[in-house]
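Listed here are the chains, written in short residue letters.
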Amino acid sequence: MRDIQYKMMKKELRKKYFIPALACVTVILGVVYYYFFSDFSTKNKTEYVYIDNDDNVDSVYHKLEPFASKHGMCAFRMMARHFDYGKRIKTGRYAIDKGDGALKVFRHMKNGLQTPVNLTIPSVRTLNRLAAEVSKRLMMDSTELYKALSNEDVCRKYGYDTATIACMFIPNTYDIYWNISIDRFLDRMQKESKKFWNFDRIQKAKQLGLTPEQVITLASIIDEETANNAEKPMIAGMYYNRLMLRDAKYPHGMPLQADPTIKFAWKRFDLKRIYNNLLSIHSPYNTYKNPGLPPGPIRIPSVAGIDAVLNRVHHDYLYMCAKEDFSGTHNFARTYDEHMKNAEKYSKALNARGIK
């Protein structure tokens, strides 16, 4: 009898304490979930936090607070103190998605698990412009990047010089970590360039008797001549004919006489017309005076421009002039007399519009 009473008493005690204990555990788990696993961000879209070399723990808090929930920030601060995050801040670009809890956000930032940037290499004319545009997307000082690109030793490391280093940049889009160093960035660009110049492209360049750098240099001129991708192989064929021409008049090849190279030589990219007085500039980029290609590209050409050279149209035209209808396309000619007639029509159209 006593045993039965003892068991019943024990059972009652279990019920008496189990339910409150279960309730306490449930509350604790709920609090833990609320602070560490529920939505850290109050926004419905992905937010990005950029942590650079100048940040300290307080500035990190300041960058999180505009979109962080109160409970999320409380948990983040608690973990930051416990793990001494302020002494081991890692730079980077961190994505915080809807549904991410404070624990996940903190773990990513503490361990440097950042989200890469979609960096598109821009088709720009100068290296300082390239440096400026890249630095807008990466944690990279534009002045330091430009210095690297202007340094002969750095360029030589990658197989180029300061006139041809632009050839290493293929204007595609790449996933790159925001805090990448200049050295690693240039290493990556070299790797992507080698990948771009696959067997097929290399073979086509060899058939033309051109190096990849020469192909890119010619492509840069073609891109400056037109934005019409459909016409680029035609223009490539014309310039290639000039390069390859060898006769009594042009024993070293016909000068390219490309107006965009004159703009580049003068660094006057806003010029609408190229007058004779501009053709006297002493510059290796003056293709009116110097036969052959200039020493390097006059911009970072488009992939369409590069492939236009590699897949040029075979024809016997040696001259071209912009069409008088300002369509962005050109009239092509085989002889100089025919070309001058086209040039006269274009000049009249420019005068009629008051373009100087």
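Being a predicted model, the structure only gives us computed values, none of them experimental.

Cut-offs applied
Residues numbered from 1 in each chain as written. Predicted model: local features only at pLDDT ≥ 70, side-chain atom pairs only at ≥ 80, totals over all residues. Heavy atoms only, no water. Core = buried A, V, L, I, M, F, W, Y, C linked by side-chain atoms within 4.5 Å. Buried < 20%, exposed > 50% of the residue type's maximum accessible area, 1.4 Å probe, protein only. Domains from an automatic or database assignment. UniProt positions renumbered as here; feature names shortened; annotations may be inferred. Helix = DSSP H or I, 4+ residues; strand = E, 2+ residues; numbered from the N terminus. Contact = heavy atoms within 4.5 Å. Pairing = 2+ DSSP bridges. Arc of directions from axis to C-beta. Phe/Tyr/Trp six-rings, centres within 6.5 Å; stacked < 30°, edge-to-face > 60°. Lys NZ or Arg CZ within 6 Å of the ring centre and 35° of its normal.

Caption draft 1: Expanded view of the nonpolar core. Residues Phe169, Phe185 and Tyr239 are the most contacted members of the largest nonpolar core, which totals 61 residues. Taken domain by domain, the makeup of this core includes at least three residues from each of domain 2 (117-196) and domain 3 (200-315). Core analysis: the next-biggest nonpolar cluster, separate from the first, contains 21 residues, Phe67, Ala68, Ala80 and Tyr94 among them.

Caption draft 2: Main features of the UniProt feature "site: Important for catalytic activity" (unreviewed entry) in the protein. UniProt annotation of "site: Important for catalytic activity" (unreviewed entry) refers to Glu225 when read in the numbering used here. Looking at where Glu225 falls in the secondary structure, it is placed in helix α10 (residues 212-225). Not counting residues within four places of it along the chain, the set of residues in contact with Glu225 comprises Ile235, Tyr239, Ala258, Asp259, Pro260, Met320 and His330.

Caption draft 3: Here's a closer look at the pairing of strand β6 (residues 330-333). Of the two faces of β6, the one carrying His330 and Phe332 and the one carrying Asn331 and Ala333 are both buried. Where strand β5 (residues 319-322) and β6 come together, four bridges link them in antiparallel fashion. Looking at β6, one finds that Ala322 is bridged to His330.

Caption draft 4: Just the domain arrangement of the protein, in detail. Taken as a whole, the protein is organised into domain 1 (34-113), domain 2 (117-196) and domain 3 (200-315). Distance between the C-alpha centres of domain 1 and domain 3: 51 Å.

Caption draft 5: Molecular detail of helix α9 (residues 199-208). Among all positions in α9, only Arg201, Ala205 and Leu208 are buried. In an axial view of α9, the angular spread of the buried residues amounts to 60°, which keeps them on one side of the axis. For α9, exposure combined with an orientation more than 90 degrees from the buried face picks out Phe199, Lys206 and Gln207. With its phi angle positive at about 75°, Gly209 sits one or two positions after the end of α9.

Caption draft 6: Expanded view of the packing of aromatic side chains. For the coordinates displayed, the defined rule picks out 15 aromatic pairs. Geometrically, the ring pair formed by Phe326 and Tyr346 is tilted, given 5.8 Å between the ring centres and 50° between the ring planes. With Phe326 in the loop between β5 and β6 and Tyr346 in helix α14 (residues 336-352), the pair connects residues that are 20 residues apart, well separated along the chain. A cation sits over an aromatic face here: Arg77 above Tyr61, 4.3 Å from the ring centre.

Caption draft 7: Representation of the environment of Phe185 in the model. Relative to the assigned elements, Phe185 resides in helix α8 (residues 182-196). Expressed as a C-alpha distance, the spacing of Phe185 and Ala227, which sit 42 residues apart in the sequence, is 29 Å. Ignoring anything within four residues of it in the chain, the contact list for Phe185 reads Leu119, Ile121, Val134, Leu138, Met140, Leu145, Phe169, Ile176 and Ile180.

Caption draft 8: Expanded view of unusual backbone geometry. Unusually for a residue other than glycine, Gln257 sits at a positive phi of about 50°. Looking at the secondary structure, you find Gln257 in the loop between α11 (232-244) and α12 (259-266). The backbone of Phe326 sits at a positive phi, close to 55°, despite the residue not being glycine.

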